[in-house]
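# Working through the structure, step by step
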Amino acid sequence: MELPLDTVRHGDCIAEMARLPARSVDLIFADPPYNLQLQGELKRPDESRVDAVDDAWDKFESFEAYDAFTRAWLLAARRVLKPTGTLWVIGSYHNIFRVGATLQDLDFWILNDVIWRKTNPMPNFRGRRFTNAHETLIWAAREPDARGYVFNYEALKAGNEDVQMRSDWLFPICSGGERLKDEEGRKAHPTQKPEALLARILMAASRPGDVVLDPFLGSGTTAAVAKKLRRHFIGIERDAGYVATARARIAATEPLPEAALAPAPSAREAPRVPFASLIERGLISPGAMLTDSQQRFRAMVRADGTLSLESAPGLGTVASIHRAGAIAQGAEACNGWTFWHLPSHEGLVPIDRLRAEFRSEAALAAE
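Calculation notes
- Residues numbered from 1 in each chain as written.
- Predicted model: local features only at pLDDT ≥ 70, side-chain atom pairs only at ≥ 80, totals over all residues.
- Heavy atoms only, no water.
- Helix = DSSP H or I, 4+ residues; strand = E, 2+ residues; numbered from the N terminus.
- Buried < 20%, exposed > 50% of the residue type's maximum accessible area, 1.4 Å probe, protein only.
- Contact = heavy atoms within 4.5 Å.
- Areas by Shrake-Rupley, 256 points an atom, 1.4 Å probe, with all protein chains shown as cover.
- Lys, Arg positive; Asp, Glu negative; His and termini not counted.
- Charge placed at Lys NZ, Arg CZ, Asp CG, Glu CD.
- Phe/Tyr/Trp six-rings, centres within 6.5 Å; stacked < 30°, edge-to-face > 60°.
- Lys NZ or Arg CZ within 6 Å of the ring centre and 35° of its normal.
- Polar contact = N/O pair within 3.5 Å; in protein donor to acceptor, adjacent residues only side chain to side chain.
- Pairing = 2+ DSSP bridges.
- Right-handed = clockwise from strand over helix to strand, strands pointing away.
- Core = buried A, V, L, I, M, F, W, Y, C linked by side-chain atoms within 4.5 Å.

### Some thoughts on the overall build of the protein
Across its full length, the protein carries 11 helices and 14 strands. Once the C-alpha set of the protein is aligned to its principal axes, its extents read approximately 80 × 50 × 40 Å. Relative to its full complement of 367 residues, the protein shows a buried share of 43%. Across the protein, contacts joining residues at least 24 apart in sequence account for 65% of those joining residues at least 6 apart. On the protein, roughly 19,500 Å² of surface is accessible, and the fraction owed to carbon and sulfur atoms is 51%. Averaging the locations of the 45 positively and 48 negatively charged side chains of the protein gives two centres separated by 2 Å.

### Observations regarding the packing of aromatic side chains
Aromatic ring pairs are defined here through the distance separating the ring centres and the angle between the ring planes. In total, this model carries 13 aromatic pairs according to the counting rule given. Look at W73 and F216: their rings are 5.2 Å apart centre to centre, the planes differ by 85°, and that puts the pair in the edge-to-face class. Of this pair, W73 sits in helix α2 (residues 63-80) while F216 sits in the loop between β7 (211-214) and α6 (221-228), placing them 143 residues apart in sequence. Relative to W337, the ring of F275 has its centre 6.1 Å away and its plane inclined at 65°; by these criteria the two rings are edge-to-face. Separated by 62 residues along the polypeptide, F275 in helix α8 (residues 275-281) and W337 in helix α10 (residues 336-339) bring together distant segments of the chain. Here a set of aromatic residues connected by ring pairs shows up, and it is made of W88, W139, Y149, F151, Y153 and W169. Taking the ring centre of W169 as reference, the NZ or CZ of R200 above it sits at 5.1 Å.

### Digging into the side chain of T222
For T222, the position within the fold is in helix α6. Side chain to side chain, T222 and D214 meet in a polar contact 2.6 Å long. If we ignore the near neighbours within four places in the chain, the residues touching T222 are F29, L198, L202, V212, D214 and L217.

### Topic: the environment of D145
Summarising the element assignment, D145 is placed in the loop between β5 (134-141) and α4 (153-158). Taking C-alpha positions, D145 is 9.7 Å from F108, a pair spaced 37 residues apart along the chain.

### Thoughts on the pairing of β7
In β7, alternate side chains face the same way, and those of V211 and L213 on one face and V212 and D214 on the other are all buried. As defined by bridge partners, strand β2 (residues 25-30) adjoins β7 across 2 bridges and the pair is classed as parallel. Its bridge partner being in β7, I28 is matched across the sheet by L213. In this fold, the crossover linking β7 to strand β8 (residues 232-237) by way of α6 has right-handed handedness.

### What to know about the nonpolar core
Counting 30 residues, the largest nonpolar core has F29, W88, L137, L197, I201 and L202 as its most contacted members. Secondary structure elements with two or more residues in this core: β2, β3 (81-91), β4 (109-118), β5, β6 (168-171), α5 (195-205), α6 and α7 (240-251). At 6 residues, the largest contribution of residues to this core is made by α5. Once residues lying within four places of it in the same chain are set aside, the contact partners of F29 are W88, I90, L137, L198, I201, L213, D214, P215 and T222.

Written as structure tokens, this is what we have:
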């Protein structure tokens, strides 16, 4: 069977995943039933009713029944996931620990757990527990020795003020104009997730053109965000009303311009540049004196692309930019590109900036 790209499938997720080709999906986002185990109506102190999740699809006879369901859909998901693909699953304290244990039992490899901290959580009306202000996402690879899975580290860091993206994410719950309503003004789906949450997941762990599967599509957030970010999507939903809502939402979604989604090249993908190439190109001259950012250590650039340490420790040592930086600091290793700086009228310039300039010139020359 060919992949039913950019479609919403109406049916049971396990049966529908069984119809997909094996190893055909790049990323799976799953928002399964949480098995909230609500006992009767949830009310506020003034006895007004809370619009809680009490739908039949969230109810299971026992923990054993929920565990069997979890194992079944995870096995189906594992079959369709590419060896380089990853799975994201979201849950609350009611279910996420059971899901995590099953993931490990099935030989998925957990890469991270991510906390979605809500800026506007529902309060604990009775005042007998902490306000439940977060949900947990598990990010897992298909198998323990997985290699080549997508993680757009550099792009995430660049968009986070050049600081590594952390595993605690702050987003409001879905509300306002983003919250879908039916004709009577009621929530179209009780657990609609914010688009910003899905956008970060897809931008972190997929690329344009990848295939994203959501086996519990609900109101269609994953598919709508995937279309906007120019990923292919496959959505599965067993409720006919939600299917109609999702299809209408997706049809009204426009993809972003391709230029806005062009992936930033990672450091691993960028062409290798020997330090000697900067000297040959005239971007730095033999005899130039380099220093670290705090001007504690000095090294002279030699014509062959090595450095001669001009300060202790290691005075007189000749080595590569990396080894010279490690010796100067008394460290096992060092990234010489970020450690060494060239004094200029702009102040201290990291030699990595010169490497970036070299790459830009080379790219223009190749056009």
